[in-house]
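# Descriptive structure summary
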Amino acid sequence: MTTTATTLKGQPLDKAALESLLRRRLFYTPSFEIYGGVSGLYDYGPPGCALQANIIDLWRKHFILEEDMLEVDCTVLTPHEVLKTSGHVEKFADWMCKDPKNGEILRADHFVEDVLESRLKGDKEARGQKVEEKVEEKADGPKKSEAALAQVGDGQKTEEKAEDPKRKKKKAKGQEAIKLDDAVVQEYEEVLAKIDNYNGDQLGELIKKYDLRNPATGEQPSPPVAFNLMFQTAIGPSSNTPGYLRPETAQGQFLNFAKLLEFNTGQMPFASASIGKSYRNEISPRAGLLRVREFLMAEIEHFVDPEGHKKHHRFHEVEDIELEFLDRHVQLSGKTTTTKQTVGKAVKDGLVDNETLGYFLARIHLFLKKIGIDQSKIRFRQHMANEMAHYACDCWDAELLTSTGWVECVGCADRSAYDLSVHAKKTGAPLIVRQRLDEPKIIEEWAVEIEKKKFGPFYKKDGKTIEAAILATTQEERGKLAKDLEENGKAIVKVPSVGDGNVEVSKDLLAIKWQKRVENIREYTPNVIEPSFGIGRILYSLMEHNYWTRASEGGDEARGVLSFPPAVAPTKVLIVPLSSHKDFAPTVRKLSQKLRSAGLSSRVDDSSASIGKRYSRNDELGTPFGVTVDFQTVKDDTITLRERDSTRQVRAEEDKIIEAIRALVDGTKTWQDIESELPLFEGQQEVEVTVR
Ligand SMILES: Nc1ncnc2c1ncn2[C@@H]1O[C@H](COP(=O)(O)OP(=O)(O)OP(=O)(O)O)[C@@H](O)[C@H]1O
């Protein structure tokens, strides 16, 4: 697998050049910049919006339409009660520590990671080895990238500022070349491989054990404390309904489960899906779009019967797809080596727990491939036990390799029956499936019969608690109670909250009988498999994976190209009139109209720049096709069509060219097909031709 940051053409990635392009072309920009900006908040400009809309469009087709998912759009504002029940109020937190000298707030795991990595880097330098730029780093990686992009800072808190001068000092200091013992190097590497698995105490121990100090001040930060990532608010003017901005779209989907099941005429399995903004008050967001405080998520909740090993009826369609797996045992042994194998084998061998989970991992892979993510830069990493969210029982992340290392872009968790169960328990709403059985089931079991008239008056205020405890007994416990009642006329029931916890019951207050009953309906709480996509992270990775540079003809400055697949490219066609001659205007208008009618977005560039310059401007925007209107067009209605990556051109009548573009955008034809169908055009000289 690729491990270094390279462009699409294998060139070393010049991140600063890419970021300058993205800023210049207004893909995205720091929010509130003229007020100094706020870390972790970004606005998208026109190409960014179009790119995001196209990714979402493909996502909808690939998942919602393909699988008949039920789309919902739930509110961002969420009452406290809901997120308390789901466990987010208590557990949705990261570990944070503070520099005692300058008050800088640090995310504990990232701090440990940063310091150990810079020590390892210093060691490599001391040994005279080549030092690669941060390829195994997490999303909050090299902060310089964000500094270059954003120059953000809200002017309030030290940790909020992107271009923190102390950070520079920290980097400079962190890179000192000091040789470490081989055993220490190995230990550091092991810690880094399982960095996501440590809790707050363990991170605190690592800070002490390795004497990790903030390079900005030379101080050891305070012991890590939990910091809840949710933004709190109050709903309504009286402020008596506390709430939060949702940290995920999932809860709205769970709360609507019963209605969605009914909408689906009671059929299982089924999936709901939602696309919308989520909010997390990240401790120190410094990695551009990779870690922000407001971001677009696309989430699927696939509800499945837990009986029958969570089989999936379309698993056979994906079982031969090969993925790179990084399992939890490998990480725990301190390594990051992946294994390439088919999803079918991974499920068969138990590496991936079940078919439904495996099905979605493969479908995620296919989606990422479709939108143009580099195949050699995708891996699926299994969560380690401590790393898993409080609701998950197994979890795999689709990670993409970027210049800041491997970044989780899609999480795919088996949330078991956790969410539906806790909400049902709290509200009493039946978040269950009632399945009519094909054949009635005869069930033989111990059943409790309570003499209500005597039981209540006998136990008075404790009656309800004791009854609940008896009804909650297992079959085995009931068998023992039945035996005691039969032999002694009385028995002891464990009820911790009453008296000394041992309550005596007698056979005139209740009976426990061996009974047969017929069951026609089976009730169960479905399990949930949840693929959860962070669209911003995918979008940023897509930009890095599709970026490359080609030399201009004069050999001067290399020009950036974003080779997005036509389906996701922000604009599909650039229309370039040869000059501003008035004869071209009607043709350009007609052509734009026809492209619009064919559903193809286009932009006209009738500036006075050379044709080559105008094309290269649009190469930076990732526009895959260009058409030139010249004097020949006015005469015979023919236009040239230029393909962005090869810069090759064909020439044909307008309608044929529009049809060719349509086929190229919807993926039914390749450029090679078009070249074999339409005459090549070689009359036009391009400014840039060769790949550096
Ligand atoms: N702060 C963020 N900025 C941008 N995208 C995010 C952020 N947090 C999560 N995401 C996206 O949402 C997806 C699902 O969220 P999930 O809760 O699984 O992330 P997470 O495990 O908390 O991420 P991380 O460990 O990187 O903080 C992630 O795969 C990621 O693409």
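Once a new chain begins, its residue numbering starts again from 1 and follows that chain's sequence as written. Note on the predicted model: pLDDT of at least 70 is required for a residue's local features to be given, and 80 or more for side-chain atom pairs to be given and counted; whole-chain, interface and lining totals, by contrast, use all residues. As a convention, hydrogens and water are excluded, and side-chain values are obtained from all of the structure's heavy atoms.

### Notes on the site of the ligand
Being near a molecule or strand, for a residue, comes down to having at least one heavy atom within 4 Å of it. Near the ligand there are 14 residues, and of these E282, R291, V292, E408 and C409 occur at the shortest range. Any N or O atom pair separated by 3.5 Å or less is treated as a polar contact, with the protein-specific requirement of one donor-capable and one acceptor-capable atom, and with residues adjacent in sequence counted only for side-chain atom pairs. In the environment of the ligand, a nitrogen atom lies 2.8 Å from a nitrogen or oxygen atom belonging to the backbone of V292. Between the ligand and G534 there is a distance of 3.2 Å, counted from an oxygen atom to a backbone nitrogen or oxygen. Surface exposure here means Shrake-Rupley accessible area, sampled with a 1.4 Å probe, where a residue is shielded only by the protein chains that are shown. Here the ligand has 590 Å² of accessible area as a free molecule, and 84% of this is covered by the chains. By the criteria applied, helices consist of DSSP H or I runs no shorter than four residues and strands consist of E runs no shorter than two, each listed in order from the N terminus. Those elements giving two or more residues to the shell around the ligand turn out to be strand 11 (294–304), strand 16 (405–416) and strand 21 (527–534).

### Details of the sheet that holds strand 8 (residues 232–235)
Strands pair, by our definition, only if DSSP identifies at least two bridges between them. Strand order in this open sheet of 3 strands is 4-9-8, and the pairing throughout is antiparallel. Two strands lie at the open edges of the sheet, namely strand 4 (77–79) and strand 8, each paired on one side alone. This sheet shows a mean twist of 45 degrees between the axes of neighbouring strands, independent of strand direction. To obtain an axis, a line is fitted to C-alpha atoms, over the contacting stretch when the element is a helix, and the angle between two such axes runs from 0 to 180 degrees between their N-to-C directions.

### Quick notes on the nonpolar core
By convention a nonpolar core is built from buried Ala, Val, Leu, Ile, Met, Phe, Trp, Tyr and Cys residues, the set being connected through side-chain atoms within 4.5 Å. Residue burial is assigned from relative accessible area. The probe radius is 1.4 Å, only protein chains are included, and a residue is buried under 20% of its type maximum, exposed over 50%, and partly exposed in between. In terms of nonpolar packing, the biggest core is built from 71 residues, with F27, W59, F533 and M543 touching the most fellow members. No other element matches the 9 residues that helix 14 (residues 355–371) contributes to this core. In terms of nonpolar packing, the next biggest core, distinct from the first, is built from 23 residues, I575, L595, F625 and I657 among them.

### Brief notes about the sheet that holds strand 11
Judged by pairing direction, the sheet is mixed, and its 9 strands sit side by side in the order 3-10-11-21-16-15-14-12-13 without closing on themselves. Looking at the sheet topology across the chains shown, the edges are occupied by strand 3 (70–71) and strand 13 (339–342). Here strand 10 (residues 270–279) runs beside strand 11; their pairing, made up of 10 bridges, is antiparallel. Paired with Y279 across the bridge in strand 11 is E294.

### Points about the packing of helix 1 (residues 15–24) against helix 19 (residues 535–545)
With their axes 11 Å apart at the nearest point, helix 1 and helix 19 run at an angle of 120 degrees to one another. By crossing handedness, the relation of helix 1 to helix 19 is classed as right-handed. On helix 19, the residues touching K15, L18, E19 and L22 of helix 1 are Y540, M543 and E544. A class-by-class count of the residues in the contact of helix 1 with helix 19 yields 4 nonpolar, no polar and 3 charged. The handedness criterion is simple: a crossing whose near helix is rotated anticlockwise from the far helix by less than a right angle is left-handed, and one whose near helix is rotated clockwise is right-handed. Residue contacts are counted whenever heavy atoms from the two residues lie within 4.5 Å of one another. Residues are grouped as follows: nonpolar covers Ala, Val, Leu, Ile, Met, Phe, Trp, Tyr, Cys and Pro; charged covers Asp, Glu, Lys and Arg; every other residue, Gly included, is treated as polar.

### Describing the confidence of the model for the protein
Per residue, pLDDT measures the predictor's confidence, with a range of 0 to 100. For the protein, the average pLDDT comes to 89, and 91% of its residues sit at 70 or higher. Low confidence marks residues 134–174, where pLDDT is under 50. Its contacts with residues over four positions away, or in another chain, come to 122 contacts. Note on residues 685–692: pLDDT is under 50 here. Beyond four places in sequence and across chains, it has 34 contacts. Two numbers describe this predicted complex: its pTM, 0.84, and its ipTM, 0.98.

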